[in-house]
Structure formats: C-alpha cells, structure tokens
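Chain by chain, the residues:
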Amino acid sequence: LLDLRINEPELEIAQRSIKFSSQLKLDYYNSQVASWEPVIENCNLNLECLQSESGKLQKINVNAKEKLYLTVTKQFVEMAISTSEMWKEAHRTKLKRSPIHRPLLSAHRLFIIRNETGQKLTYWLTQHSKSANQNTLEIENDQERPILLPSSLMDRKAQSRFREPTEPKVSLNIQLNPFNPINNLSLSRLGKHYYFLVSNANPKDQTKQLCFEVSYRDGNRLLIFKSTLAVANQSSIPLEMSFQSNLFPSSTLSTPILPNEIRSIPIQLASATSIQVRPFIVENPEEEDSKHQYEWSYPISCKRSTSNLIKCISNVDKETFSYRMHIEDKREEDTGISEFLIKFMPPVVLVNLLCCDMEFNAINQDNQHQVQGLITSGSEEPLHLVEIKEEHEEHNETEEEERENGKEEVSDVKVKHPLLKISIGGYDWSNFIPMTITNEPRRFKLLDDKRRNLNLEVEVDYSPQYPLRITVYCRYWIINRTGLCVLYRPALDHFRNEKLAAGQTSMENEERFTNLSRMPRDWYNLKRTNGFAEPFMFSYNSFNQFESKASIKIENSTWSKGISLESAGMIGYLEIQDKRDNSTVTTDPVRVYQIGVSIDIGSDRFFRTKVITIAPRFILVNNMQERLYYKQKSEHSQSESSMFLEANTQMAYHWPNRDLSKELCIKLASSEWSSGFSIDQLDDFAVKIPFEKNSKESHSSSSYLARVQLIFERAIFYVIFKPESKEFPPYRIENLTTASLSVWQSVIGIPETIRPYQALSYTWDEPSRFHKLNIEILGSNWKKEYSIDIIKRHRPALIQIDSSDGETIEIQMVVEIIANGPTKVIRIIDTNTHIPAPMHSHHPIVRDNSNTFLNMEDNSLLEISIQIDQLGVSVVDGIPQELMFVFLENVSVKYSNSEPSQNLEACIGRFEVDNQLIGASFPKLFASRQTSGSPFLHLSVVKSNQYQSIEFFKYFSILVQEMDLSLEENFLANLLNLINEVQKPKKSFQSPNLRVSVENQSLKLPDTSHSRKIYFELLHLNPMKVNLSYVASSSEYQFRVATPSNESNGRSHHRTVFKTILSAVGVTIANLDNAQISLNSLLLEHPFCTKEELINRITKHYYMQAVREVYKIVGSFDVLGNPVSLVSNLGTGVYDFFYEPAQGLIRSPEEFAQGLAKGTSSLVKKSVFSIFNTASKISGSIGKGLATLSMDEKYVREREKSIRKKPNYVGEGIALGIRDLGVGVWKGVVGVVNDPLHGITEEGGIKGLAKGFQKAVLGITIKPVVGLIDLATRTTQAISHTTSNLDKRPQLRIRPPRYIGSDNILEGFSLEKSYGQTLVHTIDAGRHGSETYLFHFSLGKDVLLVTESQIYLILKSSSPQKKWNIPLKNVKQVEKTRDSVTFHLNLPVSHIGDSLGSPHVTNRRIHISNPALLDRIYTLFEATLQM
C-alpha cells in the first residue's frame, strides 16, 4: 500500500541526545491506474531528542527544512478509509488480516488485450530499440488475454516511463483479415483512438473502421479493439438484431443482446446502413427452432443521431411491443470517424415511490389490450406493451385515418392515449389517467372503505432520448412515534367539518381507542400500539398545498390547530387537550399532550415526499441508581400513586393537568419533593431534593443534589436525571469563621445551617427563580443578600456576635466569590483568625489554585516542538485534476506535558489556498492579510491534568488575522463532488425493506456516555474579518452527476451541484465583490457545559454576528453596483483628503504639502475607482443576464471565458470592448443561418427547425446589444482598474496547476511541465485546452510547444501569442541540419491556422543554435512521431 524511502540518512548519538536527518519520500499504490503515486514529495527532515540532566525532561524537536509538500488524491483517501475499515473489522472480529491481493504487480497481467471486433485478431509487440518483431499471437472474438512485456519494463515504476518519448518503448501492432496491419499503437495513451481499415484489394474503401480504447480495469490497463458501432440493451428482455447493407446480405447477430449489456457490433456488420430489432421471446424456449412471438421492426437508419419509437407486432394477437431508441453520434474531428451507440429502452417506466406495494393496470385504447403487474415500494417497472403517442405521431396517425376514411379535409380528432390506473392495500382501484408525454398536473384518486379520497401525485418526465417516466408518489408521509393512537384530517379554515383522512379506522369502532389511565406505564403495550408506527400516506383534496393545513388528534383528545406540512426543516410542537365529556360531571383534570413535530424531505429517491414525524415532546430518562418519582408542580400526589421511573429506564411524558404550572418535580423514595423546574429549554442544572427530617440520610446532609440534563433532538426534549458530581457541585459555601451561618435562596429558599469551618455543597431551591443568596450569622443581627454568580470580593464588615457564655465577640468578616474549577466557591472569612486544617465538614474545603502559574521548566515531563518552513498540500480530485493547493509558511507547534497541566501553542505565519482549476476567475481562493511580523493564526491552550471527570482548560485563545475569501461556483461544484465521492455510501431509504426500516426507527436516547463536560477559566475567540467575493460561472467546468440507474435508467444531467443546492432553498446568488464581514470576539469566563452546549453557544454568537453583517453582503452584489464599496471608497477618499494634510501640518510645512498631495491623490483615485467600478458592475450584470436570454449555451460559455481577462489600462479596455462588440454582432448574424441548421440536426423535423429559428431571432436581437454593453463594461472596468492597480499587486498562485498526463498517472510536481500545460490552456483564448501537453522548449523569444496532436511556435509575452501550429498527423518527416530542425508536411498548412504562411507551405523550419538542445529536440520528435 505504501512505499517509504529514506535517503541520505545521518544519525548522531550523544550522551543525552539523538539527532537524525534524512530525505523522505512516501508513495502510495493507486490500484486504479496500477502505479505508485506521491504522497510526500522529497522532504528534508531533522529529528532531535534531548533529555534533561535530572532524567525527567524529554524534548523532541522536529524540523522540516525548506519544503514539505503533500499530495492528497481521491484514490488515496479512499484507500486510507477502506484500509482503516478493514483493520477495524479485523480487530472487531479478532481475525487475522488476510493478505492484500495485488494482481497489478504481476508481469503477466499488467496489460490485457480484449477482442470485440467479431473476428480473429492477430497482434505482436515491437520494442522501438529493436528492429525485430516478436512472435505473433492470435485472439478469438470476445476473448481477452494478458500481454507479456520485456522484463526491463516491468519494474514497479515502469508505468510512469511510458510518457517519456526518450525511453525505450513497446508498441502494439494488430491485423484483421483481410485488412492491412495497423502498426505502432501506443499502450500509454488513455482514451479512444480511431483508424480506417483498408485492404490492398480495395484501398479506396473506408467503410470499415476500428476503435482502439485504452482504459483501466481493476488496476490493469485494458486494451480493447472493437468496431465504431455499439448497441446498449437497457430493457429487461433480450434483444435480437438484424443488419442490412448494400455491401452484404442481411445478417443477424448469433446471440441476442442480454438486458443491461453493451455489445460492440462485429466490424463486418458495423458498416450497415439500417437495422431491424425484435424482443427475443419465443413460444418454447427449450426448443431451438421455436417460433418467435414478434415480427421484426421496420428498417431503421443507424448512421445518424436520432430518437424514435420502434414497434414490433406480435404473431399471436397483433399486440405491439415498443422500444424507445436513441442513437448517439460521437465524431472525432481529426479522422472524421464517427462512433455510434444505439440505445434501446422501454418506452415507459412506471416508478412506485409510495411507502407500500402498488398494483397497476394499463390499457391501450386502440386494441383494449391490458398490461397488469405489481411494483414494490421504491422500485420501477418497464412497460413495453404500452403504445405511447408522440406529438408528431399523434398528428400523422390521425391524418392517415381520416384520409383512409375518404375525408379531404383533416379535422381535429382526439387521439386515444393509453390509460393507467393503480391500487394499493386498503383502497379500491383509482381513476384512469392518460399516459401522455405532457407534464400537466394529474392525480390518482383512491377510495377507502369509508369512501374517503387519497390523492396520489403523478410526475411525468419526458425527453425524446429517454423513456417516458411516470412516477407515482404521495406528497406526505406521517410517521407516528408517540406510541399512542393518532388520527389525522385536513383542517381548512373555510371547511371546519372536514372528515378524517382516508385510510383510518374511526375511533368509535376501534376498541383500543379508549380513555387512557392515569399511569403512563399502562399506555404502551404491544397489543395496543401494534401498527401505530407504520408510515401513513396523507393528502389534501386541493392542488394548492400552501393553503392547506392538517390537524391531528391523540386518543380521546380534541383536534389540534391546523399546521402546514410544506415547511421542510420545520421543528415545532402541538399542544392538544383531552376532550371533556359534558354529559357527566367530573373533577378529573384535563390532560395536555405536547407533541413534537418535525418535517423532513424524504431521502434518496423519495425526495418528492415530505416526511412528517410526530413524537412526544418530552422523554424522561432515569440514569439514577434507584426509582425516581415525578409529578407536575402543585399536583397532589402520594408516592404510592405517583408516576415513577425505574432505574435506567425512560418514558414519554405529557402534562396531566392543563391548569397547573408546566414545571416538573422529582423525589426519591426517602425524600421530599423537589421544587419545580422547567424542562423545555436547553440547559444543564442541579436540582435540590430535600430529605425527610427523620430519614437516616438527613443526618449527614439536608438534601440530595441531582443533575438534570436537557438534550434537544428532532423536536424531542430528552430530560436526563443523574447524580450530581460530588467533585464539582454548582456552588460550595465555605464557613471560615467561628460562628454558625444560615443560608437560603432569597424570597423562596429553605434555610440551611453551616457550622464553623465546614462547607456545604449547594444549589438553588428553585433554579428558575431569584439567583441571590441570603447569608445570616447566627447569634447576631447581621444578614445580607449576595449575587453569587459574579466573581468578586465584597467589602469587609465588622460584626458583633453574642456567644453562649454571654460575651460579645467582634469579627472582621469578608465574603468573596471565586471559581475553583467549574464550582463557584462562596467563602465567608474571618480575617482575625486562621483557617485550621484539616477540617471536618460536609465536603472538605479545596484550596483554590486557579491563580498559580506553572513553571514549565521545572515541572515538564515532555516537550515536543515542530517547525516547518513551508507546508504545501495539493488536493487532486477523481477526474483527475488538481483542485486546490494549500500553502502554509512558518508553521510552529509547541506542546508540553507536565503533572499539573498540558500546554499547546501553534502559529501559522502565512496561510493561502490557491484555486488550481484552469481558467479560474480568482486564482487565490483564500489569502491572509496579516501585518508584517504577526502570524496569521495563533492558538494557545492550557489544559489542567488535575481533574479526571471533566475537561478542564485554564486558558483557550484563538487569534486569526484578516483574510480574503474568493469563491467560484465551478470550484465549489468540483469540491462538493469530491466530498460526495469519498464519503461512505449511506444506506438507502428504499425498497424492498422500506416499511421495515421506517417502523424500526425507535426513539433512541442520544449517546451521552462520552459527553464529558468542559470547563474554561477563560475562553477567548478574537474578532475576525473576512473579505468575501463570489462569482457564478457558466457550465464550462460542470461535471456529470449521474442519477442512480434505477432512477433514470442511466440518464445523467449536466448540472452544477452547488447551483442545484441553491435552487433547492430558493436562493439565487449574484456576483459578490469584496463584502467586508466583521465578526466580533467571544469572551467567556468560567463556562461549564458539555461539548454540544459549547458548540451551540459559539454557533449562536457567530450566527447573530453574521446576521448583523447581511446588509454588507446584499450591498456588495454586482447587480446593485456594490453600493457598500462605493460609499466606503468615497468616504475613505474624503477622509484622507482632510486627514493627511492635518497630520502634516502638525509636523512641518513641508509635510503639510506632502500630506495635501497624498490626500488629494487618494480622493481622486478613490472617487474615480468607486464610480467607474459601480458602473462596470451594473453594466456587466445586465450583459450577463441578457446573454443568458439568448438561449445559446456555447455563446454564454465563450463570453464568460473571454471576460475573465480584465483590462489593466484604458487602451486595453477599449480594445477588448471593441473585440467583444464585433464578436456579438458576428455571432448574431452567423446564428441566423447556423441555429436553424443545428436545430434540424440535433432535434430533427419541424420541431428542431422551430427551436433553431427561435434561437436565431433571439441571437440577432440580443447578441449585438450584449456586445455594446460589453464595450461599455470594458471601458469602465479599465478606468477603475487603472486607478486601483496603482496600489495593488497582481495576485499570483504559489505554483501553477499540476501537470497530469493523458494516462491519469500522478507524478511528482514538475514546474516545467506545469508551465507547459498552462501554455496549452492559454494560447488562442484556451481553445486548445482539451489537448494533452507533451513537452516544450524555450528558444530565445519563442517557445516550441508540443501536444499529442499539435506543434506550436509561441511568442513569449505576458499574453502568449501563437505564431503557427502544425497538426502532428501532417508531419511526414523530421530532418535535422547543423543548426535547425525541419518538419516536412504531407499537407499545406494555410488552412490549419498558420497565420504567417502561404497556401503552398509544405515544411516548417526552427533554427536552434545550441547543438545539445538541437539533438534533444530531434530525438524527442522522432520518438513522438513513432507514438
């Protein structure tokens, strides 16, 4: 898996030190490409271990000199995750780890050749350094075998050398009879390559073509030879095919194409002009000559891109079996060869997205033929026997029928579409709906046994390239987690007598729907509650869901108020009262049910459905070691009749009495009731439970402290009771006087006595009331009230106390409140006496050490220091392409561990993240703006080791300097895609176990076993400032997001994930420019809470800060002209105009003049920049919007690509603006002819012509206007940039984007190759970006650049310009002379972009004065042409 290399190691051992230095390199094995790829590139590492003279102190110093560059790829992360999971599983099952099978390293399976040509293939290998051929081998059709390579090319790094033309190479040669051989096929060039098959008998015949594909499979390089015609059977039935051509008689495939199979058609048949198909369904499959049930379809042209419905007639009952056929045409520009893929799909796919199985019945109205079946939940069913009518087909069939009937004029006759109805358990069959391709609103209406409607939604998705998808779903599912009987009904304000929702049994006819007893433990039993948690499908009768509400009823309660079910993400609760029986007089209290309600969007395929979960709002959890009694405050209850929880159990809670305070009281078996406390707020507090006066516990303490922890999850408050920590009570009151004290909570508390030199663990009698403590000294008239939540020392008081012997004693008393860890300590101190030790008290007095500073040199046991000069992390996604480069400078980490505490200090001097995507608008994704000498990030942590039960931090501080954050939609889309790919696959929320999975989702208690409490003496998060920019992008770098195969049968959509997320929440983001967001600091003293509570507190702080800064974000939208920047710059200019001269006047007249000039310059520059910057942003936003209205995606992409180049001065801006205007006019005029032709080619028929004409009209109208607006935008941009560039330096990447070759193998970063790749993407405005870079050389003022398809000569400049280019395929010979290299061509080059040549140029010469460079270039070209 990993290959660690330690080069040039040096080891030095002294008496108390060890020094080690070396150069490290770490590679990992990428099984997908069968190659080793870098993780850590060459790094110089120094390690030093020191020990103090006492033998206790150990120091470890790690220093990475110069650069430490890491590479993190998608494959490396997946390998790390899978390996970690494998080790965890092996450890869990206590099994020995099985050896990892790596066939990739085997010489006999490094390359695999596969023959899909339909005939025998002969092949042999040629090594370029040798002239002799190896033995010829043969491989039959549909067979594969490994290729044996010479051992010299089989070392583990050999794969990387295939890219280097100078290395000895092996090429492949093949021959198919009766055609001529094809020689020198490269084994390293991934992708598809096309060749004409020519025979000596007929050299002009080019109808036979070969596709050679190089790819990876299971880490092996796979070499596939096949024709340029393939068929994909995406139906569930085998497919037979017949081929027709003028060149050969009609032929049929020897075996049918199986479902979900993609088969390459034999080369001899691939030149067919038409095909026929039929389903492979025979009357008796066991007989070889059994009669086919269906006739062949009509002949279909297979040499053009089209989409059609294909029909086969039955031999038995004349029923029609239909296919949806789509032909994809991928044309290679260099050879002109087209590769065709013919897809056969069912014409209709019926999808069941209900929570139960669904029966269906489809009827063809033409012949009354019926198709029936059952679809399980979450599954789909292909329908071939349903005759779908398309628009043109409807018109043509109706016209033909009327002409056959003798009608001269064609009337409008309604087409008979097939009909569909469904049924589910507990309901009758639904109504029929027509199966049409239009997506008009339609519903299935099903009736239950009470004739109540359940309305199921129908979504129709149609595209000519894909099947008609009819999806049936219910808009709402309700999941009952209350454990009680719940009924539902619509609750419209204008229709209050709404009956129950369909699918429910009325309460009057069901025995288990009864009045509940007083004891909740009697409510929940399997016999009563069986089936309550089953998902319930709910619907409204109205199509307008936002005007509709639902109401629920619990057992024998009244109906709740109506709530909307449309608000996904909503979490709330309903309060429902028991129904009173007015016919009888009763004194029983009215119970109140509080029901938590959460609304979510269904997962995976069920995203169309809102899932409403109802659950008890409160669940009580007893984590005490004994039975716990509970009641509502002020409720009269004895222990025998009280509600109780056994130890380590839980129970849902509803308020027994609506008229009493909604507070809870608790008690133990031998105690009195506690005071009431609220349970509907996130909190963590202690509750005092008084002991009975005569109980044995009362002798040692007057009360018991219980900890109440409230956790809120998915609309449920979990109220957890557990014993309070004896080490850290909320308060401790220490009596350090010779008198006895009495303390109580102000107004409502019960007095408690503290004897001299004793301490009392304390909490409030009523946590929700006055947090003030009364202190009285017994035997005196002194009594005072204190706020004990504030850390302070109060003024001393002179107090006289009457002693028991009649004498009067004076004491000087001081009350101080300090923090001893998370406990607030209230000390009542007599300053005239000393504290004796030890003392016998309820709890021993712990002296406060919070102000003791640690001497780390004397107490440290271990110190670790890490210093890295430069740390870089390259992130590569799965395409592969470098996504971003994270760069950190001057990284230092210091850690020390001693007996009292642990110290951690980390600093990052500089922090930048580069957007490495080619063509990025913002090369700097993230950049720090720290002042010189100060680090970008400083973290300081001091953690105490003295407490084991909590995480005790004496100090925690984070300082982050100002930063620039520049986001692009393309980058975010690629980043989200990478994150999505490396995440663990989640369990699907779908069939066949959908209902089981929903029913088994019990109300699980959140895991609090590892939720240790955290205490900070001081937590300081310093203020932050972020300058935010955002730019939306075109679809140029969008990636394919493939939907699951069972969702769309392989259909994939070009869309941006980030934009999809934004549209899902109804947000459209315009471009942002430098929105300055400031977040204030957070300073917390003595917080004591769980990790979750701390995160929630910090999140709320920054959320409120962000809300306050929203106006800056809105005011920075480009569409508004960035008014915040306008006001800010104008204000800064005016301020500088007055401030700079005033500062100079204070010093001297000369500095006054300099200040006046500086202030005036600032005012002029800021004013010009802000005004023209605002104008350019408004015009640019208008131009962008108008360009989108042109409906020409290619034009929008090209325009966005061109406007990425920003003008730096006025002349450049006017030149670019005139160019954009010319492009707009030219595109509009040319589109008048091209757009209708493209519409006919892509869409076909009148429909395509109409779309093309529509696009042409919009183009000729909009594109010149956009060009005119771009001229104005460029000019204003140039003026604003001219002023701003005087003070700004251009933002450059730390290094150019990483070069990755065509074989997708990652190698160590090469600045030379990265620069060459950047050149490829720069010349001609990036038109050649799809070409793969090979090598380049600097030749004085020019650069010779070579890709896999072209040779370029480029003039060096800030914007490189192409002098000429030559396609490699047109180079017949390379000739070397004394001072030049000449390319002899087999075609003139004037038509391929040679701007300086004439139509008769047949060679190109490059002068090279350096002989060594001349030889190298010539050798490279010789090797390249052989590829």
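Values in this document were obtained by computation on a predicted structure and should not be read as measured data.

A. Fine view of the overall build of the chain. Scanning the chain from terminus to terminus reveals 19 helices and 78 strands. Taking all 1427 residues of the chain together, the buried fraction comes to 48%. Look at the contacts in the chain between residues 6 or more apart in sequence, and 61% of them connect residues 24 or more apart. Accessible surface computed for the chain: about 71200 Å², of which carbon and sulfur atoms make up 53%.

B. The packing of aromatic side chains, seen in detail. Going through the model one piece at a time under the given rule, you end up with 35 aromatic pairs. Counting every residue linked through ring pairs, the aromatic cluster contains Phe-618, Tyr-630, Tyr-653, Trp-655, Phe-712 and Phe-717. Over the ring of Tyr-573 we find Arg-617, and its NZ or CZ is 3.7 Å from the ring centre. The positively charged end of Arg-1295 is found above the aromatic ring belonging to Phe-1309, 3.9 Å away from the centroid.

C. Local environment of unusual backbone geometry. Note the cis peptide between Asn-177 and Pro-178, where omega equals 10°. Mapping Pro-178 onto the fold places it in the loop between β9 (170-175) and β10 (182-186). Cis geometry marks the peptide bond from Ile-879 to Pro-880, where omega comes out at 0°. Considering the arrangement of structural elements, one finds Pro-880 in the loop between β57 (860-876) and β58 (882-898). Positive phi, normally seen in glycine, also occurs at Asn-260, with a value near 60°. Mapped onto the elements, Asn-260 comes out in the loop between β16 (251-252) and β17 (261-264).

D. Looking closely at the nonpolar core. With 68 residues, the main nonpolar core has Met-241, Phe-243 and Phe-344 as its most contacted residues. The element best represented in this core is strand β23 (residues 348-353), accounting for 5 residues. Beyond its immediate stretch of four places on either side in the chain, Met-241 contacts Val-231, Ser-251, Thr-252, Leu-253, Ile-257, Ile-275, Gln-276, Val-277, Trp-296 and Phe-344. Counting 47 residues, the second largest nonpolar core, distinct from the first, contains Leu-888, Leu-972, Leu-1072 and Tyr-1102.

E. Summary view of the confidence of the model for the chain. For the chain, mean pLDDT is 79; residues scoring 70 or higher make up 80% of the total. Here residues 95-109 scores under 50 on pLDDT; set against residues more than four positions off or in separate chains, the count is 24 contacts. Low pLDDT, under 50, characterises residues 154-168; the stretch is placed with 41 contacts to residues that sit more than four places away or in other chains.

F. Region of interest: the sheet that holds strand β40 (residues 628-632). Strand order in the open sheet made by the 3 strands is β41-β40-β43, with antiparallel pairing throughout. If you trace the sheet from one side to the other, it starts and ends with β41 (643-645) and β43 (664-667), each paired once. Going from strand to strand, the sheet's axes swing by 30° on average, the running direction of each strand aside. Bridge count for β40 against β41 is 3 bridges, and the pairing is antiparallel. What sits directly across from Tyr-630, in β41, is Met-643.

G. Structural detail: helix α18 (residues 1311-1322). In this model α18 runs 16 Å from its N-terminal to its C-terminal C-alpha over 12 residues, within 8% of the 16 Å that 1.5 Å per residue would give. Taken together, the buried positions of α18 are Lys-1313, Ser-1314, Gly-1316, Gln-1317, Leu-1319 and Val-1320. The elements touched by buried residues of α18 are β72 (1333-1339) and β73 (1342-1347). Asp-1324 lies just past α18 and shows a positive phi near 55°.

H. The sheet that holds strand β18 (residues 274-279), seen in detail. Here 4 strands make up an open sheet; going across it, the order is β16-β15-β18-β19 and the pairing antiparallel. The strands lining the two open edges of the sheet, one partner per strand, are β16 and β19 (300-301).

I. Here's a closer look at the environment of Arg-1295. Mapped onto the elements, Arg-1295 comes out in the loop between α17 (1245-1284) and α18. Distance in space between the C-alpha atoms of Arg-1295 and Phe-885 is 8.4 Å, their sequence separation being 410 residues. Setting aside its immediate chain neighbours within four residues, Arg-1295 contacts Tyr-69, Ser-874, Glu-882, Phe-885, Asp-914, Gln-916 and Phe-1309.

J. Broad picture of the pattern of salt bridges. With the rule as written, the count across this model stands at 53 salt bridges. The closest approach of N and O atoms between Asp-142 and Arg-114, which form a salt bridge, is 2.5 Å. Residue Asp-142 is located in the loop between β7 (137-139) and β8 (143-147), and its partner Arg-114 is located in strand β5 (residues 111-116); the two are separated by 28 residues in the primary sequence. On the basis of relative accessibility, which here comes to 17%, the residue Arg-114 falls in the buried class. Where Arg-451 meets Asp-428, a salt bridge forms, and the shortest distance between an N and an O atom there is 3.1 Å. One end of the pair, Arg-451, is in the loop between β29 (443-447) and β30 (453-463); the other, Asp-428, is in the loop between β27 (419-423) and β28 (433-434), with 23 residues separating them in the sequence. Classification of Asp-428 as partly exposed rests on a relative accessible area of 40%. Among the charged side chains, a salt-bridge network with shared partners connects Arg-114, Glu-116, Asp-142, Glu-144 and Arg-217.

K. Representation of the environment of Gln-758 within the structure. When you line up the elements, Gln-758 lands in the loop between β49 (752-754) and β50 (759-762). Linking Gln-758 and Leu-736, residues 22 residues apart in sequence, is a C-alpha distance of 7.3 Å.

L. Geometry of the environment of Gln-1143. Relative to the helices and strands, Gln-1143 is located in helix α13 (residues 1123-1147). Gln-1143 gets classed as partly exposed once you look at its relative accessible area, which sits at 24%. For Gln-1143 and Leu-1156, which are 13 residues apart along the polypeptide, the C-alpha to C-alpha distance reads 9.6 Å.

M. Examining a nonpolar patch on the surface more closely. Nonpolar side chains collect at one region of the surface, where Val-1225, Val-1229, Val-1232, Val-1233, Leu-1237 and Ile-1260 lie side by side and expose about 470 Å² of accessible area between them. A total of 5 residues in the nonpolar patch trace back to one element, the largest contributor, which is helix α16 (residues 1210-1242). Summarising the element assignment, Val-1225 is placed in helix α16.

N. Just the pairing of strand β55 (residues 808-820), in detail. With 2 bridges joining them, strand β53 (residues 792-793) and β55 adopt antiparallel strand pairing. Pairing of Lys-792 across the sheet is with Ile-817, part of β55. Sheet analysis places strand β54 (residues 797-802) next to β55, joined by 6 bridges and oriented antiparallel. For Ile-801, the partnering residue across the bridge sits in β55 and is Ile-809. Between β54 and β55, which follow one another and run antiparallel, lie 5 residues, and Gly-806 among them has a positive phi close to 90°. Judged from the 8 bridges that link them, β55 and strand β56 (residues 823-830) form a sheet pairing that is antiparallel. The partner of Asn-820 across the bridge, within β56, is Thr-823. Once β55 ends, the chain turns through 2 residues before running back antiparallel as β56, passing Gly-821 with a positive phi of about 70°.

Each value, and the rule that gives it
- Residues numbered from 1 in each chain as written.
- Predicted model: local features only at pLDDT ≥ 70, side-chain atom pairs only at ≥ 80, totals over all residues.
- Heavy atoms only, no water.
- Helix = DSSP H or I, 4+ residues; strand = E, 2+ residues; numbered from the N terminus.
- Buried < 20%, exposed > 50% of the residue type's maximum accessible area, 1.4 Å probe, protein only.
- Contact = heavy atoms within 4.5 Å.
- Areas by Shrake-Rupley, 256 points an atom, 1.4 Å probe, with all protein chains shown as cover.
- Phe/Tyr/Trp six-rings, centres within 6.5 Å; stacked < 30°, edge-to-face > 60°.
- Lys NZ or Arg CZ within 6 Å of the ring centre and 35° of its normal.
- Core = buried A, V, L, I, M, F, W, Y, C linked by side-chain atoms within 4.5 Å.
- pLDDT = per-residue confidence, 0-100.
- Pairing = 2+ DSSP bridges.
- Axes fitted to C-alpha atoms, helices over the stretch in contact; angles between N-to-C directions.
- Expected span 1.5 Å × (residues − 1).
- Salt bridge = Lys/Arg side-chain N within 4 Å of Asp/Glu carboxyl O.
- Patch = residues over 30% accessible without salt bridge, like charges linked within 9 Å, V, L, I, M, F, W, Y side chains within 5 Å.

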